[in-house]
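Secondary and tertiary structure notes
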Amino acid sequence: MEVQQLLSKYMLEISKVTDEKSLYVAVAEIMRKVVDYKVLNVIVHSSLFYAEPADQIINEEWFIDYLPWVEERLSPTFLPVDNWYVGLIPIFKGIKLLSIIVLTTSEEPTAEVIDYLQLLSYLSGLTLENLRLIGFVDNAREYSETVLNLSSDGIIVFYKGEIEFQNAKSSEIIKNYPDMLREIKTKIDSNEEFFEIELPNAFFSMSVKKIQLQGEERILVTVRNITSEKEVQKLREVDKIKTNFIANISHELRTPLTAIKAYTETIVNVPMTQDEIKEFSETIYNQSLKLEGILNDLLDFSQLESHTLKIVKEPTNIHDVINDSILTVNHLASQYDVKIEFNFDQDLEINCDRKRIEQVITNLLTNSIKFSDKSKEERVAKIAIENDGDFVKIIVEDNGIGIPADKIDKIFDKFYRVDSDLTYSIPGTGLGLAIVKEIVEMHNGSISVESEEGKWTRVTVQLPNE
Ligand code: ADP
């Protein structure tokens with residue numbers, strides 16, 4: 001056989017090879033064209049790996065002593081045994097022995113045959129090394145895919161805006177929450193590195209990292225489902241709010257109650273003039289108004305919770321309503337030394353629940369007074385009206401202690417009170433704004449708040465001008 005023929009035969013057979021076993025089947029087939037062997041064995045790591053014919057094993061004793069020698073020389077060697085030969089053909093890459101083919105033949109190999117075998121062993125070595133490398137890469141890929149798929153975090157790699165890789169968890173998350181992908185892309189575009197996404201009944205935290213892979217930029221996104229953490233956090237917050245509320249409400253009730261008790265006891269036990277009795281009774285009356293206010297808040301709150309809070313609309317002069325609210329809070333304003341400013345003399349009539357809107361304005365003014373800043377020389381609460389045709393805006397603004405930026409979203413929550421040294425001694429239940437918001441929304445209006453801590457607060461109520 002010519003070298004060229006041998007090579008084309010080799011290429012043909014080798015193209016069918018998919019694994020180590022099929023390589024030896026192919027090599028055995030090609031070897032037959034070079035040597036008429038009886039039995040062919042392949043030894044890998046000192047064990048029999050393949051035999052042709054199947055199950056025929058060449059006696060180790062005939063060649064075992066020569067193996068180190070073949071390994072060192074890395075070239076085909078034939079040993080005479082009686083009137084036939086044992087051939088040892090090393091398969092190697094560089095100086096590394098990969099396997100040894102052992103065969104028996106009755107023909108004495110010529111130098112040309114040895115050359116062919118040398119060529120075959122060299123080519124097979126290359127193929128074998130490649131197969132092992134491919135196997136290694138496949139195993140490594142399978143290993144890392146298994147690890148990535150076992151991760152309880154979703155992992156996504158974006159390349160040029162499209163998903164290039166995602167692990168099992170990420171596929172599961174995206175399947176269950178199809179909106180997630182859009183949200184992630186928006187966040188990537190806005191260059192945010194860490195963010196949380198709230199979807200119906202689920203919370204996710206994400207981290208985005210730019211990475212270089214194969215010389216090009218990719219975006220690695222890690223997605224973690226933090227719904228249960230958030231739920232625990234919420235439960236803790238609710239628990240804290242409940243405890244605070246009970247402490248607050250007890251305190252709120254006790255203060256007027258103690259005053260009423262003390263003043264009544266004094267009237268009963270201490271001889272007093274008519275004027276003194278009148279003065280004490282006024283205080284008792286004012287304190288009972290406070291108690292009534294708290295009870296009304298609680299009642300409103302329970303109606304709000306049971307969705308039984310009702311409004312009855314009637315044409316209402318908003319100017320009069322504001323004046324009535326100012327009258328209600330006047331006493332408190334002088335206690336806190338807060339000046340109330342209201343400059344609006346037009347008559348403006350809107351269709352609303354008069355009592356409820358008065359309650360809203362009274363509440364906002366009360367807050368502006370309660371949360372006024374003692375350290376400021378002039379304490380002001382301003383109320384203004386803006387009418388833009390479709391809507392009427394009632395704006396209550398003060399130069400009080402303000403609200404920290406990270407608390408502003410929460411102040412309409414039930415029971416929420418900003419917890420700080422400044423607010424510690426200021427009375428309240430944390431229900432006022434929750435009730436106010438509900439009333440405003442029942443009028444199809446909206447309420448918003450802006451503030452700068454330590455400087456000012458502005459609450460805007462917008463009601464439809466109907
Ligand atoms: P309460 O007044 O009973 O505490 P609210 O629901 O009316 O409850 O208000 C919730 C919280 O919002 C208050 O405890 C306070 O911390 C904050 N807040 C409301 N209005 C103002 C304001 N004008 N200035 C500063 N903080 C305010």
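Thresholds, definitions, all that
- Note on numbering: residues in each chain are counted from 1, in written sequence order.
- Local features in this predicted model are restricted to residues whose pLDDT is 70 or higher, and side-chain atom pairs enter the listing and the counts only when it is 80 or higher, whereas totals over whole chains, interfaces and linings include all residues.
- Working from all heavy atoms in the structure, the side-chain values ignore hydrogens and water.
- By definition, any uninterrupted DSSP run of H or I lasting at least four residues is a helix, any uninterrupted run of E lasting at least two residues is a strand, and each is numbered from the N terminus.
- For a compact globule the rule gives 2.2 Å times the number of residues to the power 0.38, and the radius of gyration it is set against comes from C-alpha atoms.
- Summary of the burial criterion: residues with accessible area below 20% of their type's maximum are buried, those above 50% are exposed, and those between are partly exposed, where the area comes from a 1.4 Å probe applied to protein chains only.
- Should any heavy atoms of two residues lie within 4.5 Å, those residues are counted as being in contact.
- Only the protein chains shown count as covering a residue, and every accessible area follows the Shrake-Rupley method with a 1.4 Å probe.
- A positive count includes Lys and Arg, and a negative count includes Asp and Glu. His and the chain ends are not counted in either.
- Where a charge sits is defined by one atom per residue type, namely NZ (Lys), CZ (Arg), CG (Asp) or CD (Glu).
- Working definition: a ring pair exists when centres of Phe, Tyr or Trp rings (six-membered ring for Trp) sit within 6.5 Å. Plane angles under 30 degrees give stacked, over 60 give edge-to-face, the rest tilted.
- Distance and angle both matter: a charge sits over a ring if NZ of Lys or CZ of Arg is within 6 Å of the ring centre and within 35 degrees of the ring normal.
- In short, DSSP must find at least two bridges between two strands for them to pair.
- Lines are fitted to the C-alpha atoms to define the axes, a helix being fitted only along its stretch in contact, and any angle between axes, read from their N-to-C directions, falls within 0 to 180 degrees.
- Polar contact is the term for a pair of N or O atoms within 3.5 Å; when the atoms are in protein, one must be able to donate a hydrogen and the other to accept it, and sequence-neighboring residues count only if both atoms are side-chain atoms.
- One heavy atom suffices: a residue is near a molecule or strand as soon as one of its heavy atoms comes within 4 Å of it.
- The span expected for a helix works out to 1.5 Å for each residue beyond the first.
- The reported bend at a residue is simply the angle between two axes, fitted to the 7 residues ending at it and to the 7 residues beginning with it.

To continue, consider the overall build of the protein chain. When helices and strands are tallied, the protein chain shows eleven helices and 17 strands. Compactness check: the protein chain gives a C-alpha radius of gyration of 45 Å against a globular reference of 23 Å for 466 residues, more than 25% above the reference. If you line up the protein chain on its principal axes, its C-alpha atoms span 145 × 55 × 45 Å. Considering the protein chain as a whole, with its 466 residues, one finds that 41% of them fall into the buried category. When contacts within the protein chain are restricted to residue pairs at least 6 apart in sequence, those whose partners lie at least 24 apart make up 58%. Taken as a whole, the protein chain presents about 27500 Å² of accessible surface, with 52% of it coming from carbon and sulfur. Within the protein chain, one finds 49 positive and 78 negative side-chain charges whose respective centroids are separated by 2 Å.

Let us now look at the packing of aromatic side chains. The relative placement of two aromatic rings is captured by the distance of their centres and the angle of their planes. A complete count under the given rule lists five aromatic pairs for this structure. Ring geometry for W62 and W84: centres 4.9 Å apart, planes at 70 degrees, overall edge-to-face. Remark: W84 occurs in strand β4 (residues 84–93) and W62 occurs in the loop between β2 (47–52) and α3 (67–73); sequence separation between them is 22 residues. Here W62 falls in the partly exposed class, since its relative accessible area comes to 34%. Looking at W84, the relative accessible area reads 22%, which means it is partly exposed. Sitting over the ring of Y159, R218 keeps its end group 4.0 Å from the ring centre.

With that settled, the discussion passes to the sheet that holds strand β7 (residues 162–166). Spatially, five strands are ordered β7-β6-β10-β9-β8 in an open sheet, and the strand pairing comes out antiparallel. Each of the sheet's edge strands pairs with one partner strand only, and the pair in question is β7 and β8 (194–199). Going from strand to strand, the sheet's axes swing by 30 degrees on average, the running direction of each strand aside. Pairing analysis gives four bridges linking strand β6 (residues 154–159) to β7, with the strands arranged antiparallel. Paired with Y159 across the two strands is E162, which belongs to β7. Of the strands in this sheet, β6, β7, β9 (202–213) and β10 (216–225) are in contact with helix α5 (residues 168–176), which crosses β6 at around 90 degrees.

Before going further, it helps to examine the side chain of N399. By the secondary structure assignment, N399 is in the loop between β15 (391–398) and α11 (432–442). At 2.7 Å, the side chain of N399 and the backbone oxygen of E378 are in polar contact. A polar contact is formed between the side chain of N399 and the backbone nitrogen of V380, at a distance of 2.9 Å. Each residue touching N399, except ones within four places of it in the same chain, is listed here: D373, K376, E378, R379, V380, K455 and W456.

The ligand sits among 19 residues. The nearest are N367, R417, T429, G430 and L433. For the ligand, an oxygen atom lies 3.1 Å from a polar atom in the backbone of V418. Note that an oxygen atom of the ligand is positioned 2.8 Å from one of the backbone N or O atoms of L433. Against a free-state accessible area of 530 Å², the protein chains account for coverage of 97% of the ligand. At the level of elements, α10 (354–370) and α11 are the ones that each hand at least two residues to the shell around the ligand. For the shell around the ligand, the element with the most residues is α10, which contributes four residues.

Let us now look at α10. Its 17 residues give α10 an end-to-end C-alpha distance of 24 Å, which sits within 8% of 24 Å, the value for a rise of 1.5 Å per residue. Among the 17 residues in α10, 13 count as buried, and that is most of the element.

The subject of this paragraph is the side chain of D153. Inspection of the secondary structure assignment puts D153 in the loop between α4 (111–150) and β6. Those residues in contact with D153 that sit more than four places away from it in its chain are N167, K169, T222, V223 and R224.

This part is about helix α9 (residues 318–336). What sets the pattern is the α-helix's 3.6 residues per turn: residues three or four places apart point alike. With 19 residues, α9 ought to run about 27 Å at 1.5 Å a step, and its terminal C-alpha atoms sit 26 Å apart, in line with that. Of all the bends in α9, the greatest measures close to 50 degrees and is centred on V329. Of all the positions in α9, only I318, H319, V321, I322, S325, I326, V329 and A333 are classed as buried. If you check the start of α9, you find a side-chain oxygen 2.9 Å away from the backbone N of H319, and it comes from N317. Of the residues one or two after α9, D337 is the one with positive phi, at around 55 degrees.

Cis peptide bonds are those with omega within 30 degrees of zero, and the linkage from E52 to P53 qualifies with -10 degrees. As for its position among the elements, P53 is in the loop between β2 and α3. With a phi close to 55 degrees, L74 is a non-glycine residue in the positive phi region. In this structure L74 comes out as buried when scored by relative accessible area, which is 10%. Even without glycine at this site, N444 takes up a positive phi of about 60 degrees. Take N444: it is sitting in the loop between α11 and β16 (446–452).

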